[in-house]
Amino acid sequence: MGKSIVTIGGGIAGIEASGILAELGYAVSVIEKEPDFGGKLKNWDHLFPNMRKAEEIEDYLSRKGKTPGITLFPNTTIASFENIKSGFVLKSNHGVSYSAHAVIVATGFEVFSAERKEEYGYKIYDNVITSADLEKRLKSGTPLTTLAGKTPQRIAFIHCVGSRDAKVGNTYCSKVCCVTGVKQAIEVNKLLPATQIFNFYMDLRMHGLEHEEIYKTAQEKHNIQFIRGRLSEVSENIDHSLLIKAEDTLSGRPLKMNVDLVVLLVGMEPGVGTTAIGKACNIEFNQYGYLKIPDVHLAGNLTSRKGIFVAGSCSCPMSVKDTIEHARSAAFEVHRYLIEN
Amino acid sequence: MGKFGFSVMETRTVNFGELDNRLLGYVLENEASFLTCISCGGCTATCSAGNLIDFNVRKINLFLRRCDIESLAREIDKCMLCGKCTLVCPRDINIRNVVMLIKKGIVKFRNE
């Protein structure tokens, strides 16, 4: 066919969409700013809903990335973006030019910087960590302890950190943190059966066939306790345990609790890469800073510019499963576009 | 007929058809951000008064929406207007203004 495609971003979405297009006979260049591919997946331990090892998906993607027709460019960023008659010319930071009949933007998301929610004490107190930190610790296999090496007697998971919060500018729901919080609570219970685990939530959004089942399992088999109330603040005790304050909204009274570890379930944000690439390509953003799609039902992979497509969580928060599906539909849209043009 | 000590109890059902929602309308008209309350309880958790006495600032929303003016009038005077609730509110509601409007509204509609 002789047509070429540039995919910006070598995470789940970028590799999946590129792999399919390479199988269809296109020449695909994948640009990745990091030294290796796979995006944030390499930081995750087990994936909901079936608790499979994230490495299985990593292996799948690394095979996909070797599809004949794909060329991977690690440590590469886009320095300039230009329109030509047949499509686009992109120049890299290494001075290499890539011409493309179509471009896929797959720049992904960033984890919310929890230190912006200062009242929760992340990077101020020793034993406040994020769900992303916990995932890395679970993956490393080292015993889960407080910073001082003590086995935590009580752990609190805090939902909606950096999501549904006008004060940090993110009014949307990040969609994956509810189920992540319950998944991690179960995993911690399996590791530390004597530890009390509390999940503080505003609403538990356990959509779909499997997520509600995970919630039910957490109640039935893992003794996870759910408290409906948003945390107002965390403070540190002299022994470096933490005092958390919330309202126990169902009893209607303020609540205080001493815990040894606080896990903040951080949401998703559009990354600096998405912002930079979006601006360079001159495509529109939505009100949340993600890339704008023209029609939520019928054009989920298109952008405001012809020939530029979007795949994965640079358009909205997505799970691994959603991302793979979105990337596949992006490949289809690109294929259709290249046949028609 | 002797007195048996029985009486007919008033129903506890919230009857939306019969609620007097003038105060609710007045507050929402003047502080539209209050429409977006999700009852998360962040306000109550941080409330200076509520940590010491029987006062729940989150329930103001509930009393107002259920048009329970009697409870509202009793509760609203416990607020010290410190504004900490406004600082933590994830929906960025101006809760202090809501309290002021309720105080004004109670007087206004009592006299009407």
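Okay, so let's go over this structure.

With that settled, the discussion passes to the overall build of chain A. Tallying secondary structure elements over chain A gives seven helices and 20 strands in all. Computed over C-alpha atoms, the radius of gyration of chain A comes to 22 Å, within 12% of the 20 Å expected from 2.2 N^0.38 for 341 residues, which places it in the range of a compact globule. Taking the principal axes of its C-alpha atoms as reference, chain A extends roughly 65 × 40 × 35 Å. Long-range pairs, those at least 24 residues apart, make up 66% of the contacts in chain A with a sequence separation of at least 6.

With that out of the way, let us pick up the nonpolar core. Grouped together as the largest cluster of nonpolar side chains are 94 residues, with contacts concentrated most on Val103, Ile104, Val105, Ile158, Val262 and Leu264 of chain A. No fewer than three residues from each of domain 1 (4-108 + 271-340) and domain 2 (114-267) of chain A sit in this core. Among all residues touching Val105 of chain A, those that are not within four sequence positions of it are Ile8, Gly9, Ile277, Cys281, Leu291, Ile308, Val310 and Cys314 of chain A. Counting residues in hydrophobic clusters, the runner-up holds 25 residues, among them Cys85, Val88, Ile93 and Leu101 of chain B.

Let's shift gears to the packing of helix α1 (residues 22-30) of chain B against helix α6 (residues 95-111) of chain B. Residue and element names in this part refer to chain B. Contact geometry of α1 with α6 gives a least axis separation of 9 Å together with a crossing angle of 140 degrees. Relative to α6, α1 is oriented oblique. Crossing angle aside, the handedness with which α1 passes α6 is right-handed. Between α1, through Arg22, Leu23, Tyr26, Val27 and Asn30, and α6, the contact on the second element is made entirely by Val98, Leu101, Ile102, Gly105, Ile106 and Phe109. Within the contact of α1 with α6, the residues separate by chemical class into eight nonpolar, two polar and one charged.

On to unusual backbone geometry, then. In this chain, Phe48 of chain A is followed by Pro49 of chain A through a cis amide linkage whose omega measures 0 degrees. Position of Pro49 of chain A relative to the elements: it lies in the loop between β3 (46-47) and β4 (52-53). Of note in the backbone geometry, Ser39 of chain B takes a positive phi value of approximately 55 degrees without being a glycine. Looking at where Ser39 of chain B falls in the secondary structure, it is placed in the loop between α1 and α2 (42-46). Positioned with a positive phi, Asp92 of chain B is a non-glycine residue whose angle comes to about 55 degrees. Along the polypeptide, Asp92 of chain B turns up in the loop between α5 (84-88) and α6.

Quick look at the sheet that holds strand β16 (residues 242-248) of chain A now. All names here are of chain A. On the basis of which strands lie adjacent, the open sheet formed by three strands has the order β15-β16-β17 and antiparallel pairing. Among the strands making up the open sheet, the edge pair consists of β15 (231-236) and β17 (253-259). This sheet shows a mean twist of 20 degrees between the axes of neighbouring strands, independent of strand direction. Sheet topology note: the β15/β16 ladder contains five bridges and is antiparallel. When the sheet's bridge partners are listed, Glu233 is paired in β16 with Lys245.

Before going further, it helps to examine the interface of chain A and chain B. Contact residues are listed per partner, giving 15 residues for chain A and 17 residues for chain B. Elements with a contribution of two residues or more to the side of chain A that touches chain B: β15 and β16 of chain A. A total of three residues in the side of chain A that touches chain B trace back to one element, the largest contributor, which is β16 of chain A. Across the side of chain A that touches chain B, the residue classes break down as four nonpolar, four polar and seven charged.

Residues and elements named next belong to chain B. Among the secondary structure elements, Phe55 is positioned in the loop between α2 and α3 (58-65). Residue class for Phe55 comes out buried when judged on the 21 C-beta atoms lying within 10 Å of it. The sequence separation of Phe55 and Lys78 amounts to 23 residues, and the corresponding C-alpha distance is 6.7 Å. What Phe55 contacts, discounting residues up to four positions off in sequence, is Cys47, Ala49, Gly50, Glu75 and Lys78.

So, how was this worked out
The numbering scheme is per chain: residues are counted from 1 as the chain's sequence reads. Chain A is the first chain written and ligand 1 is the first ligand written, with later ones labelled in order. A pLDDT threshold of at least 70 governs which residues receive local features in this predicted model, and a stricter bar of 80 or more applies before side-chain atom pairs are shown or counted, although totals over entire chains, interfaces and linings include all residues. Only DSSP runs of H or I covering at least 4 residues are called helices, and only runs of E covering at least 2 are called strands; the numbering of each starts at the N terminus. We compute the radius of gyration over the C-alpha atoms and compare it with the globule rule, which gives 2.2 Å times the number of residues raised to the power 0.38. We call two residues in contact when the distance between their C-beta atoms, placed using the backbone, is within 7 Å. Here a nonpolar core is just a set of buried residues of the types Ala, Val, Leu, Ile, Met, Phe, Trp, Tyr and Cys, joined wherever their C-beta atoms sit within 7 Å. Counting other C-beta atoms within 10 Å of each residue's C-beta, where C-beta atoms are placed from the backbone, gives the exposure class: buried for 20 or more, exposed for 12 or fewer, partly exposed between. Note that the domain bounds were set by an automatic or database domain assignment. Working convention: axes come from line fits to C-alpha atoms, limited for helices to the stretch in contact. Angles between N-to-C directions cover 0 to 180 degrees. Note on angle classes: values under 35 degrees are labelled roughly parallel, values over 145 roughly antiparallel, values of 65 to 115 roughly perpendicular, and the remainder oblique. For a crossing to be left-handed, the near helix must be turned anticlockwise from the far one by less than a right angle; the clockwise case is right-handed. Here the term charged refers only to Asp, Glu, Lys and Arg, the term nonpolar to Ala, Val, Leu, Ile, Met, Phe, Trp, Tyr, Cys and Pro, and the term polar to all other amino acids, Gly among them. By this definition, two strands are paired if DSSP reports at least two bridges between them.

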